[in-house]
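Each chain, written out:
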There are 2 protein chains.
Amino acid sequence: MVESNPAPLDAVFHALGDATRRRMLRDLAGGERSVGQLAEPFAMSLAAASKHVKALENAGLIRREVRGRTHLCRLEPGPLASAHEWLGFYEHFWTSRLDELERLLREADSKTPPPRGDDR
Amino acid sequence: MVESNPAPLDAVFHALGDATRRRMLRDLAGGERSVGQLAEPFAMSLAAASKHVKALENAGLIRREVRGRTHLCRLEPGPLASAHEWLGFYEHFWTSRLDELERLLREADSKTPPPRGDDR
DNA sequence: GGAATAGTCAACCAAATTGTTGAATATGGG
DNA sequence: CCCATATTCAACAATTTGGTTGACTATTCC
């Protein structure tokens, strides 16, 4: 399934590329929050925070339920799982020392043009 | 260590928020590649691709070694691991059905103001 | 030396992002 | 009804992004 749906990942990673929005997600990890509550930690207008909320919503990272005059937001884990899975593809690059060794060897090979017959 | 170094994550997630750069990383997962090789799959000028490479470099996702007239790039797994780890914080939101149930209950609670004594 | 190759740099442009403010909408509570 | 609260919307400005083209640098090859 290697990168079959690039559009969602674009939106998800873009949304995650902003500390304001990441902080909002952290807060939402503690349960439902209203837009006002999400905006509260930031020194910006509510309208600006509202745009960040919308960015998260567009990326599918949160869902919104309008209850009376307040909009309750909750975390939507699916896209986070997708992003996590995408990154997981590279996991062996930082986990296994054998893979690391293998990478270094491949690197060394490309540095010495003629690998000079496997042995003998 | 909850979000202690936001600047790098900004750059990393921003870099990942573009399908061109994600494709470059995929190619680099197969070993070293020159800037020209990384640019080859795309219908854009080499200069444009070069900018993408620089974005990856600025995010620490790749390292570059100038060999003669070609710039060899290789994957730098550290920042990918950081991003993966950041996302891992949310893992229980999509893995455990119990956590999912818990979330739904919390949600139900907030919907019915008086949760009406834990049992009895 | 001279030409082809690999890549960056600078200037420019269009579009998107991120913030602001002020007005508009909708709900809730005396 | 009136007013405060919660939030979005529209218009605007500054900045960033992602692309182009043309010139420049460095290296390799003959």
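Data block above holds the structure.
Heads up: these notes are all about the structure in this document. Treat the numbers as computed from the prediction; the structure is a model and nothing was measured.

### Overview of the pairing of strand 3 (residues 70-75) of chain A
Residues and elements named next belong to chain A.
In step 1: Pairing of strand 1 (residues 33-34) with strand 3, which is carried by two bridges, proceeds in the antiparallel orientation. When the sheet's bridge partners are listed, Arg33 is paired in strand 3 with Cys73.
In step 2: In this sheet, strand 3 lies alongside strand 2 (residues 62-67) in antiparallel orientation, the contact comprising six bridges. Paired with Arg64 across the strands is Cys73, a residue of strand 3.

### Focus: the sheet that holds strand 3 (residues 70-75) of chain B
Residue and element names in this part refer to chain B.
In step 1: The strand order across the open sheet formed by three strands is 1-3-2, and the pairing between neighbours is antiparallel. The two strands at the open ends of the sheet, each matched to only one other strand, are strand 1 (33-34) and strand 2 (62-67).
In step 2: The sheet contacts of helix 2 (residues 19-28) involve strand 1, strand 2 and strand 3, and relative to strand 3 the element is tilted by about 85°.
In step 3: This element, helix 4 (residues 46-58), spans strand 2 and strand 3 of the sheet and lies at about 120° to strand 2.

### Quick notes on the protein's contact with DNA strand D
In step 1: Around DNA strand D, 23 residues are found, and the nearest of them are A:Gly36, A:Ser50, A:Arg64, B:Lys51 and B:His52.
In step 2: Counting only atoms of DNA strand D within 4 Å of the protein, the fraction found in sugar and phosphate groups is 64%.
In step 3: A distance of 3.2 Å separates a phosphate oxygen of DNA strand D from a polar atom in the side chain of B:Arg21.
In step 4: The separation between a base oxygen of DNA strand D and a polar side-chain atom of B:Lys51 is 2.4 Å.
In step 5: Sorting the residues of the surface near DNA strand D by element identifies helix 3 (35-39), helix 4 (46-58) and strand 3 of chain A together with helix 4 of chain B as the ones contributing at least two each.
In step 6: Broken down by class, the residue content of the surface near DNA strand D amounts to six nonpolar, nine polar and eight charged.

### Some thoughts on the nonpolar core
In step 1: Formed by 54 residues in total, the largest nonpolar core has its most connected members in A:Leu16, A:Leu25, A:Leu61, B:Leu16, B:Leu25 and B:Leu61.
In step 2: Each of two domains, domain 1 (6-77) and domain 2 (81-111) of chain A, supplies a minimum of three residues to this core.
In step 3: Aside from chain neighbours lying at most four places away, what touches B:Leu25 is A:Trp86, A:Tyr90, B:Leu16, B:Leu56, B:Leu61, B:Ile62, B:Leu75 and B:Leu80.

### Things to note about the interface of chain A and chain B
In step 1: With 40 residues of chain A at the interface, the matching set in chain B holds 40 residues.
In step 2: Buried surface at the junction of chain A and chain B, summed over both partners, amounts to about 3,800 Å²; 61% is from carbon and sulfur atoms.
In step 3: Three residues stand out in chain A for area buried against chain B, namely A:Arg22, A:Arg26 and A:His84, and they jointly supply 20% of the buried area on that side.
In step 4: The interface formed by chain A and chain B contains two salt bridges.
In step 5: Between A:Arg22 and B:Asp10 there is a salt bridge; the shortest N-O distance is 2.8 Å.
In step 6: Here chain A and chain B share seven residue pairs in polar contact (both at pLDDT 80 or more) between them.
In step 7: The residue makeup of the side of chain A that touches chain B, split by class, is 19 nonpolar, seven polar and 14 charged.

Conventions and cut-offs
- Residues numbered from 1 in each chain as written.
- Chains lettered and ligands numbered in written order.
- Predicted model: local features only at pLDDT ≥ 70, side-chain atom pairs only at ≥ 80, totals over all residues.
- Heavy atoms only, no water.
- Pairing = 2+ DSSP bridges.
- Helix = DSSP H or I, 4+ residues; strand = E, 2+ residues; numbered from the N terminus.
- Contact = heavy atoms within 4.5 Å.
- Axes fitted to C-alpha atoms, helices over the stretch in contact; angles between N-to-C directions.
- Near = heavy atom within 4 Å.
- Polar contact = N/O pair within 3.5 Å; in protein donor to acceptor, adjacent residues only side chain to side chain.
- Nonpolar A, V, L, I, M, F, W, Y, C, P; charged D, E, K, R; others polar.
- Core = buried A, V, L, I, M, F, W, Y, C linked by side-chain atoms within 4.5 Å.
- Buried < 20%, exposed > 50% of the residue type's maximum accessible area, 1.4 Å probe, protein only.
- Domains from an automatic or database assignment.
- Buried area = accessible area lost by both parts, 1.4 Å probe.
- Salt bridge = Lys/Arg side-chain N within 4 Å of Asp/Glu carboxyl O.

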